[in-house]
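# Fold and contact review
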Amino acid sequence: MSSSTMIAVTPALAAPEDYPWLGPAVRSALLLSEGIVELDPSGGAEAPSEQLEEALINTSAIDQALAAEGVAPLAERTLVVAVGSNQTPQTIARKYHRSGRRISVTTPFVRCTVRDLAVGHVAHTAAPGYVPAAPYRAVGERMELVATWFDDEQLEVVDATEPNYDRVRLSADDFPLTLATGEKPAHFDVYASLWGVIAREQQPIPLRHRQQEMFDELVGLTGSLLTHGDAAEICAALATSPAALHELVIAHDLVAEDGLPR
């Protein structure tokens with residue numbers, strides 16, 4: 001386990017226009033009730049998870065930490081690879097807090113490499129008005145993402161916060177996955193868009209890390225005033241008209257299937 005200082009968690013909602021709130025890079029961490037413990041070495045990872053000569057994270061150490069907290073071990077949890085803000089412990093902590101349920105918050109987050117999967121945008125807005133991330137099949141692509149292990153109660157809470165998605169199980173035969181622990185799980189879950197993904201000429205548009213970029217791109221593709229202007233104001237407007245963006249991208253043939261199994 002890393003000796004990094006515990007990072008406090010605030011339940012305050014992040015600004016919609018700043019979604020996906022990822023910071024400079026994905027990282028491994030352990031969410032505890034007291035805060036967040038960093039699991040990556042102080043210098044960070046020098047290579048993608050699948051290229052590490054030695055495991056970056058020790059699975060036994062994670063299980064020992066879970067046992068010390070009196071919570072479910074990794075073997076009794078569901079592995080979910082996140083593609084958007086769920087990669088951050090801060091986001092998951094906020095979801096646990098807002099659920100109002102008395103559940104354990106202890107959750108491991110481990111960086112991973114996944115192949116033949118990429119990240120774009122749901123062809124619909126989330127409730128706060130931002131355009132959320134969504135995975136899609138992309139043969140030949142390689143992504144460095146974060147895998148999270150949820151216990152049953154935690155998974156119920158997170159599922160309830162994802163009305164724009166189906167949680168689907170992907171086989172590592174089709175989407176090879178390597179964790180920073182050195183393990184290669186046989187399968188993992190992802191949240192897949194119910195609305196398709198935003199695309200240009202049926203090719204999904206990769207995730208833009210600022211909402212302003214996505215909104216400006218949509219103005220160029222549609223000429224619509226719906227996403228013209230300041231991202232914060234656009235998010236506020238879209239929050240009051242949940243179907244507007246979906247209707248816009250459908251009307252301009254800017255939606256593609258994600259290619260993931262259901």
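The coordinates are above.
Only a predicted model underlies this, so the values are computations on that prediction, with no experimental measurement involved.

Scoring rules and cut-offs
Residues numbered from 1 in each chain as written. Predicted model: local features only at pLDDT ≥ 70, side-chain atom pairs only at ≥ 80, totals over all residues. Heavy atoms only, no water. Helix = DSSP H or I, 4+ residues; strand = E, 2+ residues; numbered from the N terminus. Rg over C-alpha atoms; globule rule 2.2 N^0.38 Å. Buried < 20%, exposed > 50% of the residue type's maximum accessible area, 1.4 Å probe, protein only. Areas by Shrake-Rupley, 256 points an atom, 1.4 Å probe, with all protein chains shown as cover. Phe/Tyr/Trp six-rings, centres within 6.5 Å; stacked < 30°, edge-to-face > 60°. Lys NZ or Arg CZ within 6 Å of the ring centre and 35° of its normal. Pairing = 2+ DSSP bridges. Salt bridge = Lys/Arg side-chain N within 4 Å of Asp/Glu carboxyl O. Contact = heavy atoms within 4.5 Å. Axes fitted to C-alpha atoms, helices over the stretch in contact; angles between N-to-C directions. Parallel < 35°, antiparallel > 145°, perpendicular 65-115°, else oblique. Nonpolar A, V, L, I, M, F, W, Y, C, P; charged D, E, K, R; others polar.

Along the backbone of the protein chain there are 6 helices and 11 strands. The globule rule puts the C-alpha radius of gyration for 262 residues at 18 Å, and the 18 Å found for the protein chain is close to it. Based on the C-alpha atoms only, the size of the protein chain along its principal axes is roughly 55 × 40 × 35 Å. Within the protein chain, buried positions represent 53% of all 262 residues. With the model as given, the accessible surface of the protein chain reaches about 11,900 Å², and the carbon-plus-sulfur share is 49%.

Here we come to the packing of aromatic side chains. Applying the stated criterion across every chain, the model contains 4 aromatic pairs. Taking the centre distance of 4.2 Å and the plane angle of 10 degrees together, the rings of tyrosine 19 and tyrosine 130 count as stacked. Taken together, the residues tyrosine 19 in the segment before strand E1 (29–32) and tyrosine 130 in the loop between strand E4 (107–121) and strand E5 (133–150) connect sequence positions 111 residues apart. Here tyrosine 19 and tyrosine 130 have matching classes, each one buried. Taking 5.4 Å as the distance between ring centres and 80 degrees as the angle between the ring planes, the aromatic pair formed by tryptophan 21 and tyrosine 130 counts as edge-to-face. Highlighted residues: tryptophan 21 in the segment before E1 and tyrosine 130 in the loop between E4 and E5, separated in sequence by 109 residues. Every member of this aromatic cluster is reached through a ring pair, and the members are Tyr19, Trp21 and Tyr130. For the cation-ring pair, arginine 94 lies above tryptophan 21, with the distance from its terminal atom to the ring centre recorded as 5.6 Å.

Ordered by their spatial adjacency, 3 strands build an open sheet running E10-E9-E11, and the pairing between neighbours is antiparallel. Each of the sheet's edge strands pairs with one partner strand only, and the pair in question is strand E10 (203–204) and strand E11 (255–256). Examined bridge by bridge, strand E9 (residues 197–200) and E10 share 2 bridges and lie antiparallel to one another. Within E10, the residue paired with alanine 199 across the bridge is proline 204.

Considering all chains together, one arrives at 12 salt bridges under this definition. As a salt-bridge pair, aspartate 189 and arginine 169 come within 2.7 Å of each other at their nearest N and O atoms. Taken together, the residues aspartate 189 in strand E8 (residues 187–193) and arginine 169 in strand E6 (residues 165–171) connect sequence positions 20 residues apart. Notably, a salt bridge pairs glutamate 213 with arginine 210, separated by 4.0 Å at the nearest N-O pair. Judged by its relative accessible area of 37%, glutamate 213 is partly exposed. Its relative accessible area of 46% is what places arginine 210 among the partly exposed residues. Here the salt bridges share partners, and the residues they tie into one network are Asp159, Arg167, Arg169 and Asp189.

Where strand E3 (residues 78–82) and E5 come together, 5 bridges link them in antiparallel fashion. Within E5, the residue paired with valine 81 across the bridge is alanine 147. The sheet contact formed by E4 and E5 spans 12 bridges and is antiparallel. Looking at E5, one finds that alanine 118 is bridged to tyrosine 136.

Another point: the environment of glycine 70. Residue placement: glycine 70 occurs in the loop between helix H1 (59–69) and E3. Under the relative-accessibility criterion, glycine 70 is labelled exposed at 65%.

The subject of this paragraph is helix H2 (residues 89–99). Those residues of H2 that fall on the buried side of the exposure criterion are Pro89, Thr91, Ile92, Ala93, Arg94, Lys95 and Tyr96. Looking at the buried side of H2, the elements it contacts are E1, strand E2 (35–38), E4, E5 and helix H3 (152–160).

Before going further, it helps to spend a moment on the packing of H2 against H3. The geometry of H2 relative to H3 is characterised by a closest axis approach of 10 Å and an angle of 90 degrees between their N-to-C directions. One way to sum up the angle between H2 and H3 is to call them roughly perpendicular. Where H2 approaches H3, its residues Ile92, Lys95, Tyr96 and Ser99 are matched on the opposing element by Gln154, Val157 and Val158. Residues belonging to the contact of H2 with H3 are distributed by class as follows: 4 nonpolar, 2 polar and 1 charged.

It is worth stressing that arrangement in space is one thing and function is another; only the former is reported here.
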